[in-house]
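An overview of the molecular structure
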Amino acid sequence: MTETPAASRPLRVSGFSPWEEEFGFSRAVAAGDFVLVAGTTAFHDGMVQDEGDPYAQTLTAFAVALKALEPYGLSAADVVRTRIYLTHVRDSDEVGRAHKKLFDTIRPVLTVVVVEGLIDSRMMVEVELEAHRTGLATSLEGKP
């Protein structure tokens, strides 16, 4: 088996979650001209934020996810896909309102799924996003 040259390896960003090391994942990975951001919740500074408030948890989770784009020079304007996992369908209006606040003019594709639960029962929302910028892969060549 031949090792993949460093220039073609995706750039990985870590350090946002205590589960990254435990579960063996990166917060974000560049893959070609795309950056994929892992599931992100309102867990920040070692605590679940905005407990009981799905609107605020959505804003906080997306803030963490968008921060993971910064090392790539990307922002909300580069987001092309979002996914939201809710623990209660009753929260869909508040979560949708938060999404609209962040992405109304950008209009990425969106998937919303209701799930039985998240890793911590105080978490009501988990989000993922994908961003794209033509030429990103070229700008990342040679980076580990």
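Computed from a predicted structure; not experimentally measured.

A few words on the nonpolar core. Across soluble globular proteins, nonpolar side chains have a tendency to be buried as a group. Among the nonpolar cores identified, the biggest contains 26 residues, and Val35, Val37, Leu69, Tyr72 and Leu129 are the most heavily contacted of them. Elements with a minimum of two residues in this core: β2 (28-31), β3 (34-40), α2 (54-67), β6 (79-86), α3 (92-103), β8 (125-132) and α4 (136-140). If we ignore the near neighbours within four places in the chain, the residues touching Tyr72 are Leu11, Arg12, Val13, Ala28, Val29, Ala30, Val35, Leu136 and Leu140.

Contact pair α2 / α3: the axes reach a minimum separation of 8 Å and the direction vectors enclose 40 degrees. As the angle between them shows, α2 and α3 are arranged oblique. Crossing geometry of α2 relative to α3 is assigned as right-handed. Taken together, the residues of α3 that come into contact with α2 (itself represented by Pro54, Tyr55, Thr58, Leu59 and Phe62) are Glu94, Val95, Arg97, Ala98, His99, Lys101, Leu102 and Phe103. For the contact of α2 with α3, the class distribution of residues is eight nonpolar, two polar and three charged.

In spatial order, the strands read β1-β2-β3-β8-β6-β7; together these six strands make up an open sheet with mixed pairing. Of all the strands in the sheet, just β1 (12-13) and β7 (109-114) have a single pairing partner and so form its edges. Note: β1 against β2, two bridges, orientation antiparallel. Paired with Val13 across the bridge in β2 is Ala28. Contacting β3, β6 and β8, α2 crosses the sheet at an angle of about 35 degrees to β8. Across the face of the sheet, α3 comes into contact with β6, β7 and β8 while running at roughly 160 degrees to β6.

Gaps between atoms show up when a probe of the same size as a water molecule is rolled over them. Quantified by volume, the largest pocket comes out at close to 190 Å³. Counting residues per element, the ones that place at least two in the lining of the largest pocket are α1 (19-23) and β3.

Moving on, we come to α3. With twelve residues, α3 should reach 16 Å at 1.5 Å per residue; the first-to-last C-alpha distance of 16 Å fits that figure. Along α3, the positions that sit buried rather than exposed are Val95, Ala98, His99 and Phe103. Looking straight down α3, one finds its buried side chains confined to an arc of 110 degrees; they lie on one side. In α3, the exposed positions angled more than 90 degrees off the buried face are occupied by Asp93, Lys100 and Lys101. Residues of α3 that are buried make contact with α2, β6, β7 and β8.

It is worth spelling out unusual backbone geometry at this point. Phi at Asp50 takes a positive value of approximately 55 degrees, unusual for a residue other than glycine. Locating Asp50 in the fold gives a position in the loop between β5 (47-48) and α2. Residue class for Asp50 comes out partly exposed when judged on its relative accessible area of 30%. One non-glycine residue, Arg107, lies in positive phi territory at about 55 degrees.

So, on to the packing of aromatic side chains. Two numbers describe a pair of aromatic rings. These are the distance of the centres and the angle of the planes. A full pass over the atoms with the stated rule returns one aromatic pair. Here Phe62 and Phe103 contribute two aromatic rings whose centre-to-centre distance is 5.2 Å and whose plane-to-plane angle is 75 degrees, an arrangement assigned as edge-to-face. Here Phe103 lies in helix α3 and Phe62 lies in helix α2, a separation of 41 residues in the sequence. For the pair Phe62 and Phe103, a shared accessibility class is recorded, and that class is buried. If you follow Arg97 out to its NZ or CZ, it ends over the ring of Tyr55, 3.7 Å from the centre.

Criteria and thresholds
- Residues numbered from 1 in each chain as written.
- Predicted model: local features only at pLDDT ≥ 70, side-chain atom pairs only at ≥ 80, totals over all residues.
- Heavy atoms only, no water.
- Core = buried A, V, L, I, M, F, W, Y, C linked by side-chain atoms within 4.5 Å.
- Buried < 20%, exposed > 50% of the residue type's maximum accessible area, 1.4 Å probe, protein only.
- Helix = DSSP H or I, 4+ residues; strand = E, 2+ residues; numbered from the N terminus.
- Contact = heavy atoms within 4.5 Å.
- Axes fitted to C-alpha atoms, helices over the stretch in contact; angles between N-to-C directions.
- Parallel < 35°, antiparallel > 145°, perpendicular 65-115°, else oblique.
- Left-handed = near helix turned anticlockwise from the far one by under 90°.
- Nonpolar A, V, L, I, M, F, W, Y, C, P; charged D, E, K, R; others polar.
- Pairing = 2+ DSSP bridges.
- 1 Å grid on protein atoms, 1.4 Å probe; cavity = no way out; pocket = protein on both sides within 12 Å on 5 of 7 lines; lining within 4 Å.
- Points joined across faces, edges and corners; volume = space filled by probe spheres on them.
- Expected span 1.5 Å × (residues − 1).
- Arc of directions from axis to C-beta.
- Phe/Tyr/Trp six-rings, centres within 6.5 Å; stacked < 30°, edge-to-face > 60°.
- Lys NZ or Arg CZ within 6 Å of the ring centre and 35° of its normal.

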